[in-house]
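Each chain, written out:
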Amino acid sequence: MESGAPLFAGMTFLAMRHSGELCGSNGLPLTPNSITIYGRAQMLKKLEHPNLCSYLDIIRGKHERTIVVSEYHRKTLKHMKNLNVGQAIGIAKSILDALSYLNSHRIVHRCLSPENIHVDFDGNIKLLNYGLYYMTGGGADVSFPIGSPKYTAPEVFLMSNSKQKSCQSGPKVDIWSLGMIMVDILLGCSLWSDLKLGQCLRKVLSLLHCDGSVFERLAREADRMDVYQGLDDVVKDFVNLCLTKNPRNRPTAMQLIDHPLFLENYEKLDSNMDDASMDSFQSWKKNRLSERSLSELYCMWRLAGGDVPGEMKKQGLIRNKAPILSLPNLVLLEGTSFGQCRDQAMLLDLRLVALPMSSLVQRLNHLPVTAFYPLIEVKSDIIGVDEQSDAESLPLVIRERDTEYQFRRIVLYDSLLKGYPYKRPAILKEAHKDIPPFFRGRLWAALLDIRGDIESKYISVDKETPTDTDRQIEVDIPRCHQYNELLSSCEGHNKFKRVLKTWVVSHPQYVYWQGLDSLCAPFLFLNFNDEARAYACLSAFVPKYLHNFFLKDNSAVIREYLAKFSHLIAFHDPVLANHLHDINFVPELFAIPWFLTMFSHVFPLHKIFHLWDKLLLGDASFPLYVGLAILQQLRDTLLPSGFNECILLFSDLPEVDIEKCVNTSIELYCNTPRSITYRSHELPCKQRAVDLDPNLEMSPLTVAQLQNEFSPRISGTDLLQLLNSKATRPKVLIIDVRDHDLYKEGAIMCSINIPLGFIDFETEDYDSAIPSCPELSVLCNFKGKIIILAGDDPAETAKFCRVLVRRNFSHVCCLHNSIDALKGKGIIGPVLI
């Protein structure tokens, strides 16, 4: 096996188009069959068994085309000649093991034939195309029959000719196919190889009228009676059980595994490699890439420039056809067309296109050993630990497409996830850099601290009993991110409904609000094959960022949240805050969908992924900074706009640079005292390591109080931290607004005094509201820095804050509670005038 030998291959087929119908019974457009297949096929990717070729990817192309990528091996059972009885028994055992596993997942192969039985380099049997019948809805979504006629059970043909077109094959049809395959192997010949299709079908159906042993009759027809008679009775009995004519009496794969045939020792297949192939295979085994999983290698292969449709076009499996050649001769008003030539591409073509690995191997061959075995327990001062410093400085979209960088990150995260939850701190540290798309679903669950037996908890919730919210859920789902092929599929809708209903039933204190479906969408997309994890993530996400948002009466919660958002705008961007206030464009008009859905309603999924990668690392206040970052990107458009223009702007939100938005949000978050965004309805954090003075902490305010104040309040604790820090102390100005006499008795050191009585709150000329004085010059010199107004009455002090914001002073806030609360903290003393 040369270094670039293929490990996976692709096959393709076309789904059946809907015949002229525009809408279904619910009035919505019919879902294309290719999308239905795409959604249903996702489940196949989670199947893992040593005797199955793994499914790696399902790609939906144009014109109802579906491309399936799976594990690939060059040799098939068709290429294996002169097999002995021991090897045949080993083959049967491997096939039965695989079929039992498939049956346990309610999957019928229906395409079992020597061509679909591959043999790997170790001589192991691997079934291929076992998901074709399942993903096409039992063949209902395609216009071709599924199965090899020679190896298909006769009842399949009888059902296809009956009026019961909805009847699907059961797992026992695969047992018949196994019996026919065993006949070929044991007799050492290929039955009916020279017969045409019609003759082959008649031969299969004629076996139903066989009075005795089907195996014996087939041996006689093939002139192999001498071989047949030389077989042990236990072998004959096994094959005859497989070829039981009545499917009701035919055993299942699970029953056949206990057959006495397998009590004897059976042989493993010889891979029959020549010396050159053996040398190349051993060379690949020594390559460190061989230690990575197929799914990882396929992900890397695509990043390295792998193009599945392109490879298929090179091999002629996908051919472009001029549109004019597809036009019908007649089209009726209801959409039925006539006179179209039958497209050969609509037929089943099971040819495989091997996908070469050479580009990936060349791309990663130069990587050092440390890239394959990263150290996850290192000291920060070790030289050379951070080998990715150059790549980390690149934009996120470039890093996500860089093969080498993503390989390093995937290998590292793979090691960390295997150590979860013990390695959660390391995962959090690495997640601050970035999250590779390959592991995003599992990493989000780790960031949300999902652990324990979530599967049992999810299964235990009743999802079947009708509830009052069922109708609303069914209405919302077809409108939620339906541009996405996965979520718009029938399987996606079903999973959506189950996860949402589970959340509603398991959280009786809440009600279903529109927007919950948008919150669920990213988790469902990333965990499409793990509903339990999607539900667990949603259940952990809501209380962390949307505590009490889904109460029946959530008006107080949302009004408090929006008031804090307004305060944050005034704190960081007074010019914009003043303009929005002047045109009466309040956050209630545009920001409720933002925060109720954590922006998943207004952004497409690919932007939500990058946004939530950082959101999940922050606390409940971080979404406020994201909203502010969006406004700052739109600032140049908002400032010259009036009320109507702003309404139109937010009805169809312009393109937002999400990476810039995230970086701005982090910068704003880091430069804002935590108490600025304190909310009484926020889920309480875990007890801090140090006991804090309650007089210095924030206490709940009523919504009316918050709405009457234009600037935020800061806690005494945060004020002390600003003053005690050498980095922030020069950037802080404290204005004592008490009377001059009280100020002289004792005030915060380095503060200035501008009493409230000096301010003209009635004037509309805010530039002249503060009389000229030396303190005003000091105030102007601190413009752009943090300005904290402190007094005995925060409500009155807030009026002074409003004057400063009107004069476009940023970072203005007032001290929560009285200055007296700071006595004994070492920062209050007499003032020398």
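Above this text sits the structure in question.
None of these values were measured; they are calculated from a predicted model.

Caption draft 1: View of the packing of aromatic side chains. Within this structure, the stated rule accounts for 35 aromatic pairs. With a centroid separation of 5.7 Å and 75° between ring planes, the pair formed by Trp503 and Phe550 is classed as edge-to-face. Taken together, the residues Trp503 in helix 24 (residues 490-506) and Phe550 in the loop between helix 26 (531-545) and helix 27 (555-572) connect sequence positions 47 residues apart. The same class applies to Trp503 as to Phe550, namely buried.

Caption draft 2: Summary view of the sheet that holds strand 2 (residues 55-60). Read across the open sheet, the 4 strands follow the order 2-3-1-9; overall the sheet is antiparallel. With partners counted over all chains shown, the strands left at the sheet margins are strand 2 and strand 9 (353-355), one partner each. On average, adjacent strands in this sheet sit at an angle of 25° to one another, irrespective of strand direction. Bridge analysis of strand 1 (residues 8-14) against strand 3 (residues 65-71) gives 7 bridges, and the strand direction is antiparallel. Counterpart to Gly10 in the pairing with strand 3 is Val69. Against the sheet, helix 12 (residues 294-303) makes contact with strand 1, strand 2, strand 3 and strand 9, and its axis sits at roughly 40° relative to strand 2, the strand it touches most.

Caption draft 3: Structural detail: the pairing of strand 14 (residues 786-790). Within strand 14, 5 of the 5 residues are buried, which leaves the element mostly enclosed by the surrounding structure. What you see with strand 14 is no split at all: Ile786, Ile788 and Ala790 on one side and Ile787 and Leu789 on the other are buried throughout. Pairing of strand 11 (residues 732-736) with strand 14 involves 5 bridges; the strand directions are parallel. Paired with Ile734 across the two strands is Ile788, which belongs to strand 14. Sheet analysis places strand 14 next to strand 15 (residues 812-815), joined by 3 bridges and oriented parallel. By the bridge assignment for strand 15, Ile788 is matched with Cys813. With helix 39 (residues 794-806) bridging strand 14 and the parallel strand 15, this β-α-β connection has right-handed handedness.

Caption draft 4: Inspection of a nonpolar patch on the surface at higher detail. On the surface, Val586, Leu589, Phe643 and Ile647 cluster together to form a nonpolar patch covering roughly 280 Å² of accessible area. Inspection of the secondary structure assignment puts Leu589 in the loop between helix 28 (574-582) and helix 29 (592-596). The exposure class assigned to Leu589 is partly exposed, which follows from its relative accessible area of 43%.

Caption draft 5: Representation of the sheet that holds strand 6 (residues 125-127). In spatial order, the strands read 4-5-6; together these 3 strands make up an open sheet with antiparallel pairing. Whereas interior strands pair on both sides, the edge strands pair on one side only; in this sheet they are strand 4 (75-76) and strand 6. The pairing of strand 5 (residues 117-119) with strand 6 spans 3 bridges and is classified as antiparallel. Bridging from a neighbouring strand, Ile117 pairs with Leu127 of strand 6. The strands touched by helix 2 (residues 85-104) are strand 5 and strand 6; relative to strand 6, the strand with the most contacts, the crossing angle is about 40°.

Caption draft 6: Summary view of the pairing of strand 15. Here strand 10 (residues 713-714) runs beside strand 15; their pairing, made up of 2 bridges, is parallel. In the strand pairing of strand 15, Ile714 is matched with Leu815.

Caption draft 7: Structural detail: the nonpolar core. In terms of nonpolar packing, the biggest core is built from 245 residues, with Phe238 and Ile735 touching the most fellow members. Here this core gets 11 residues from one element, more than from any other, and that element is helix 5 (residues 172-187). For Ile735, the residues in contact, after removing those within four places along its chain, are Ile752, Ile754, Leu779, Ile787, Ile788, Leu789, Ala790, Phe800 and Leu804.

Caption draft 8: Highlighting the side chain of Ser641. By the element assignment, Ser641 lies in the loop between helix 32 (635-638) and helix 33 (643-651). Ser641 has contacts with His579, Ile583 and Cys646, leaving out every residue within four places of it along the chain.

Caption draft 9: A look at the pattern of salt bridges. The final tally for this structure, using the stated rule, is 41 salt bridges. One salt bridge in this structure joins Asp414 and Arg292, with 3.1 Å as the shortest N-O distance. Of this pair, Asp414 sits in helix 18 (residues 403-418) while Arg292 sits in the loop between helix 11 (275-286) and helix 12, and the two are 122 residues apart along the sequence. For Asp414, a relative accessible area of 11% puts it in the buried group. Owing to a relative accessible area of 14%, Arg292 belongs among the buried residues under this scheme.

Caption draft 10: Just the packing of helix 5 against helix 7 (residues 214-221), in detail. Where helix 5 contacts helix 7, the axes come no closer than 11 Å and their chain directions differ by 45°. Compared by their axis directions, helix 5 and helix 7 come out oblique. In this structure, the crossing between helix 5 and helix 7 has a hand that is right-handed. Contact with helix 5, carried on its side by Met180, Val183, Leu186 and Leu187, involves Phe215, Leu218 and Ala219 of helix 7 and no other residues of that element. The residue makeup of the contact of helix 5 with helix 7, split by class, is 7 nonpolar, no polar and no charged.

Caption draft 11: Up close: unusual backbone geometry. In this structure, Pro421 follows Tyr420 across a cis peptide bond, with omega equal to 10°. On the secondary structure map, Pro421 appears in the loop between helix 18 and helix 19 (424-431). For Asn129, which is not glycine, the phi torsion reads 60° and is therefore positive. Considering the arrangement of structural elements, one finds Asn129 in the loop between strand 6 and helix 3 (132-135). One non-glycine residue with positive phi stands out, namely Met598, at about 50°.

Caption draft 12: Main features of a negative patch on the surface. A cluster of acidic residues, Asp739, Asp741, Glu745, Asp792 and Asp793, forms a negative patch on the protein surface. Summarising the element assignment, Asp739 is placed in the loop between strand 11 and helix 37 (740-745).

Caption draft 13: Up close: the packing of helix 31 (residues 622-633) against helix 34 (residues 658-670). Relative to each other, helix 31 and helix 34 sit at 120°, their axes nearing to 8 Å. On the basis of their axis angle, the class for helix 31 and helix 34 is oblique. Remark: the crossing between helix 31 and helix 34 carries right-handed chirality. Taken together, the residues of helix 34 that come into contact with helix 31 (itself represented by Phe622, Tyr625, Val626, Leu628, Ala629, Ile630, Gln632 and Gln633) are Lys660, Cys661, Thr664, Ser665, Ile666, Leu668 and Tyr669. Across the contact of helix 31 with helix 34, the residue classes break down as 10 nonpolar, 4 polar and 1 charged.

Rules used throughout
- The residue numbering used here restarts from 1 in each chain and proceeds along that chain's sequence as written.
- The model is predicted, so local features are restricted to residues of pLDDT at least 70 and side-chain atom pairs to those at 80 or more, both for listing and for counting; the totals for chains, interfaces and linings are taken over all residues.
- Hydrogens and water molecules were not included; the side-chain quantities draw on all heavy atoms of the structure.
- Aromatic contacts are taken between Phe, Tyr and Trp rings whose centres are within 6.5 Å, Trp giving its six-membered ring; a plane angle under 30 degrees counts as stacked, one over 60 as edge-to-face, and the others as tilted.
- Under the DSSP-based scheme used, a helix requires at least four consecutive residues in state H or I and a strand at least two consecutive residues in state E, with every element numbered from the N terminus.
- Only protein chains enter the accessibility calculation, which uses a 1.4 Å probe; a residue is then buried when its area is under 20% of its type maximum, exposed when over 50%, and partly exposed in between.
- We treat two strands as partners when DSSP finds at least two bridges between them.
- Between the N-to-C directions of two axes lies an angle of 0 to 180 degrees, each axis being a line fitted to C-alpha atoms and, for a helix, fitted only over the stretch in contact.
- Residue contacts are counted whenever heavy atoms from the two residues lie within 4.5 Å of one another.
- By the criterion used throughout, a crossover qualifies as right-handed when its path from the first strand across the helix to the second strand runs clockwise, the strands pointing away from the viewer.
- To count toward a patch, a residue needs a relative accessible area over 30% and no salt bridge; like charges are then connected within 9 Å, while nonpolar side chains (Val, Leu, Ile, Met, Phe, Trp, Tyr) are connected within 5 Å.
- For the area figures, the Shrake-Rupley method with a 1.4 Å probe applies, and any residue is considered shielded solely by the protein chains shown.
- By definition, a salt bridge exists where a carboxyl oxygen of Asp or Glu is found within 4 Å of a side-chain nitrogen of Lys or Arg.
- Throughout, nonpolar core names a set of buried Ala, Val, Leu, Ile, Met, Phe, Trp, Tyr and Cys residues whose side chains join them through atoms within 4.5 Å.
- Under this scheme an angle from 65 to 115 degrees is roughly perpendicular, one under 35 degrees roughly parallel, and one over 145 degrees roughly antiparallel; angles in between are oblique.
- For a crossing to be left-handed, the near helix must be turned anticlockwise from the far one by less than a right angle; the clockwise case is right-handed.
- For this scheme, ten residues count as nonpolar: Ala, Val, Leu, Ile, Met, Phe, Trp, Tyr, Cys and Pro. Four count as charged, namely Asp, Glu, Lys and Arg, and the remainder, Gly too, count as polar.
- In this count, Lys and Arg are taken as positive residues and Asp and Glu as negative ones, while His and the chain termini are left out.
- By convention, the point assigned to a charge is CZ for Arg, NZ for Lys, CD for Glu and CG for Asp.

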